[in-house]
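Now for the letters of each chain:
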Amino acid sequence: MKIATYNVNGVNGRLAVLFRWLEESEPDIVVLQELKAPQGQFPQSAIRDLGYQSIWHGQRSWNGVAILSRIGEIHETRRGLPGDPDPTQSRYRGGRQWHPHLRSLSSQWQPAIGT
């Protein structure tokens, strides 16, 4: 099984690049970061046409994470980090396929509050 991570840096603007990478690398499972797409603008049907199931947590700007799988359906286990003081930030997505738990986490550097 081949598991890969990919910082897509804008899924809709780089869809052709992502698709070329998926076709060349042939990963079974992919975790994506920095979707930079609101929840309703994730290209689920185009990704499905390549043979991948997907779950995602979208948001504009720099956030958004997804898990793709071409070896079966993914079941959501968590959306957002536990105890996160700002649950609107789309930086964490948990999924399960068989026994392993898959997680996609995007953690950007942020200055300390007040600096």
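Structure: above.
Computed from a prediction, not measured in an experiment: that's the story for all the values here.

Colleague: Mind showing me how you'd approach the overall build of the protein here?
Modeller: A count of helical and extended segments in the protein gives 2 helices and 7 strands. Going from the N terminus to the C terminus, the protein shows its helices and strands as β-α-β-α-β-β-β-β-β. For the protein, with 115 residues in total, the buried portion stands at 44%. Considering only residue pairs separated by 6 or more positions, the protein has 58% of its internal contacts joining residues 24 or more positions apart. Entry remark: accessible area of the protein is about 6,700 Å², with carbon and sulfur atoms responsible for 49%.

Colleague: Even after reading the chapter, I still don't get the environment of Pro 43, so can you show me in this structure?
Modeller: Tracing the chain through its elements places Pro 43 in the loop between strand E2 (29-33) and helix H2 (44-49). C-alpha of Pro 43 to C-alpha of Val 11: the two residues are 32 residues apart in sequence and 7.9 Å apart in space. With residues up to four places along the chain from it excluded, the contact list for Pro 43 reads Val 11, Asn 12 and Leu 15.

Colleague: Help me out: how do you make sense of the sheet that holds strand E4 (residues 65-69) in this one?
Modeller: With mixed pairing, the 4 strands of this open sheet are ordered in space as E1-E2-E4-E3. In this open sheet, the two strands that pair with only one neighbour each are strand E1 (3-7) and strand E3 (53-57). Recorded for the sheet is a direction-independent mean angle of 15° between the axes of neighbouring strands. Direction of pairing for E3 relative to E4: antiparallel, over a ladder of 5 bridges. Its bridge partner lying in E4, Ser 54 is registered against Leu 68. Contacts between helix H1 (residues 15-25) and the sheet are confined to E1, E2 and E4, with E1 contributing the most and set at about 160° to the helix.

Colleague: How should a nonpolar patch on the surface be read in this particular structure?
Modeller: On the surface, Met 1, Ile 3 and Ile 71 cluster together into a nonpolar patch covering about 310 Å² of accessible area. Among the structural elements, Ile 71 can be located in the loop between E4 and strand E5 (75-79). According to the relative accessible area criterion, Ile 71 is partly exposed, its value standing at 32%.

Colleague: Would you mind going over the side chain of Gln 33 with me for this structure?
Modeller: By the element assignment, Gln 33 lies in strand E2. Look at Gln 33 and you get buried, because its relative accessible area is 11%.

Colleague: What should I look at first to understand the pattern of salt bridges in this one?
Modeller: Opposite charge on two side chains permits them to pair, given that their charged atoms come into close proximity. Taken as a whole and assessed by the stated rule, the structure comprises 2 salt bridges. The salt bridge involving Asp 28 is made with Arg 70; its shortest N-O contact spans 3.2 Å. Linking Asp 28 in the loop between H1 and E2 with Arg 70 in the loop between E4 and E5, this pair joins segments that are 42 residues apart in sequence. Among the residues examined, Asp 28 registers a relative accessible area of 14% and is labelled buried. Arg 70 sits in the partly exposed class, given a relative accessible area of 37%.

Rules used throughout
- As a convention, each chain's residues are numbered from 1 in the sequence order in which they are written.
- Restriction of local features to residues with pLDDT of at least 70 applies here, the model being predicted, together with a cutoff of 80 or more for giving and counting side-chain atom pairs; totals for whole chains, interfaces and linings are based on all residues.
- Side-chain numbers here rest on the full set of heavy atoms in the structure, without hydrogens or water.
- Secondary structure elements are defined from DSSP: runs of H or I of at least 4 residues count as helices, runs of E of at least 2 residues count as strands, and each element is numbered from the N terminus.
- Between buried and exposed lies partly exposed: a residue is buried under 20% and exposed over 50% of the maximum accessible area for its type, with that area taken using a 1.4 Å probe on protein chains only.
- Any pair of residues with heavy atoms lying within 4.5 Å of one another is described as a contacting pair.
- Where accessible areas are quoted, they stem from the Shrake-Rupley method and a 1.4 Å probe; at the residue level, only the protein chains shown are allowed to cover.
- What makes two strands pair is DSSP finding at least two bridges between them.
- Every axis corresponds to a line fitted to the C-alpha atoms, with the helix fit spanning only the stretch in contact, and the corresponding angles, defined between N-to-C directions, vary from 0 to 180 degrees.
- Grouping into patches uses exposed residues only, defined as over 30% relative accessible area, and leaves out salt-bridged ones; the cut-off is 9 Å for like charges and 5 Å for nonpolar side chains (Val, Leu, Ile, Met, Phe, Trp, Tyr).
- Put simply, a salt bridge is a Lys or Arg side-chain nitrogen that is within 4 Å of an Asp or Glu carboxyl oxygen.

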